[in-house]
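Here are the chains, one letter per residue:
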Amino acid sequence: MSLERTFSIIKPDAVAGGKAGAILALLEERGFRIVTMRKMLLSQAQAEGFYAVHRERPFFQSLVKFMTEGPVIVLALERADAVKMLRETMGATNPANAAEGTIRKRFAESIERNCIHGSDAPETAAVELAYFFSTLDLAI
Ligand code: GDP
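Here the structure is a predicted model, which means the values were calculated and not measured.

Enquirer: What is the right way to look at the sheet that holds strand E2 (residues 33–40) in this model?
Expert: In any sheet, the strands associate via hydrogen bonds between backbone groups, in a parallel or an antiparallel arrangement. The strand order across the open sheet built from 4 strands is E2-E3-E1-E4, with neighbouring strands paired in antiparallel fashion. Single-partner strands in this sheet number two, and they are E2 and strand E4 (116–118). Strand after strand, the sheet turns through a mean of 20 degrees between neighbouring axes, direction not considered. Direction of pairing for E2 relative to strand E3 (residues 72–80): antiparallel, over a ladder of 7 bridges. Its bridge partner being in E3, Arg38 is matched across the sheet by Val74. Lying on the sheet, helix H2 (residues 20–29) is in contact with strand E1 (3–10), E2, E3 and E4; it crosses E3 at an angle near 10 degrees. Strands in contact with helix H5 (residues 82–90) are E1, E3 and E4; relative to E1, the strand with the most contacts, it is inclined by about 35 degrees.

Enquirer: Please clarify how the side chain of Thr102 should be interpreted in this entry.
Expert: By the secondary structure assignment, Thr102 is in the loop between H5 and helix H6 (103–107). Given the relative accessible area of 5%, Thr102 is considered buried. Within the structure, Thr102 has its side chain in polar contact with the backbone nitrogen of Lys105 (distance 3.3 Å).

Enquirer: Just checking my understanding: could you explain the pairing of E1 for this structure?
Expert: Each regular strand shows side chains that alternate between the opposite faces of the sheet. Within E1, 6 of the 8 residues are buried, leaving the element largely enclosed by the surrounding structure. With 8 bridges joining them, E1 and E3 adopt antiparallel strand pairing. From the neighbouring strand, Thr6 faces E3, where its bridge partner is Leu77.

Enquirer: Can you walk me through the pattern of salt bridges in this structure?
Expert: This model, assessed by the stated rule, comprises 8 salt bridges. The partner of Arg33 in a salt bridge is Glu78, and the shortest N-O contact between them spans 3.0 Å. With Arg33 in strand E2 and Glu78 in strand E3, this pair connects stretches of sequence that are 45 residues apart. On the accessibility criterion, Arg33 (35% relative accessible area) is partly exposed. Glu78 sits in the buried class, given a relative accessible area of 12%. Bridged by salt links that share partners, the residues Arg5, Arg33 and Glu78 form one connected network.

Enquirer: So what exactly am I meant to see when it comes to unusual backbone geometry here?
Expert: Positive phi, close to 55 degrees, is recorded for Asp81, a residue that is not glycine. Tracing the backbone shows Asp81 in the loop between E3 and H5. With relative accessibility at 23%, the residue Asp81 sits in the partly exposed group. One non-glycine residue with positive phi stands out, namely Cys115, at about 65 degrees. Here Cys115 lies in the loop between H6 and E4. On the basis of relative accessibility, which here comes to 0%, the residue Cys115 falls in the buried class.

Reading guide: rules and limits
Residues numbered from 1 in each chain as written. Predicted model: local features only at pLDDT ≥ 70, side-chain atom pairs only at ≥ 80, totals over all residues. Heavy atoms only, no water. Pairing = 2+ DSSP bridges. Helix = DSSP H or I, 4+ residues; strand = E, 2+ residues; numbered from the N terminus. Axes fitted to C-alpha atoms, helices over the stretch in contact; angles between N-to-C directions. Contact = heavy atoms within 4.5 Å. Buried < 20%, exposed > 50% of the residue type's maximum accessible area, 1.4 Å probe, protein only. Polar contact = N/O pair within 3.5 Å; in protein donor to acceptor, adjacent residues only side chain to side chain. Salt bridge = Lys/Arg side-chain N within 4 Å of Asp/Glu carboxyl O.

And the structure:
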């Protein structure tokens with residue numbers, strides 16, 4: 001399969017907990033190339049916009065509060081079958097259900113504080129990459 005790009009966020013729990021380097025190393029070990037990345041503090045509006053599909057869910061306000069509590073690292077990642085492979089590398093949303101060797105199994109605290117985001121489909125990846133990065137950012 002040809003190279004594909006996906007979007008990821010190392011979430012505030014992992015950044016504050018000093019796990020960002022270990023997560024980046026694991027992603028590189030699994031064959032992901034870091035196309036570009038940025039450490040940033042999400043505003044409430046940015047977090048609400050990013051998670052707009054979840055706005056009717058009972059955990060939406062809590063999720064937005066969590067995602068804005070401290071800095072995140074937003075990432076563009078590239079490899080063959082990147083979207084599917086990142087989801088596999090992350091593990092299940094709830095770390096209690098995540099497989100051995102996955103990022104969430106190793107580093108996540110709870111179903112909400114689960115240390116990493118990864119786009120769920122190629123179409124979503126394109127939208128999420130464009131939400132955070134410019135064409136020039138991605139031309140690396
Ligand atoms: P993902 O694609 O595995 O990140 O999961 P979802 O798209 O379903 O949910 C987005 C994010 O919302 C998750 O990564 C969690 O941070 C949070 N989340 C999902 N389900 C729950 C839940 O049942 N309770 C809480 N508090 N947060 C949740």
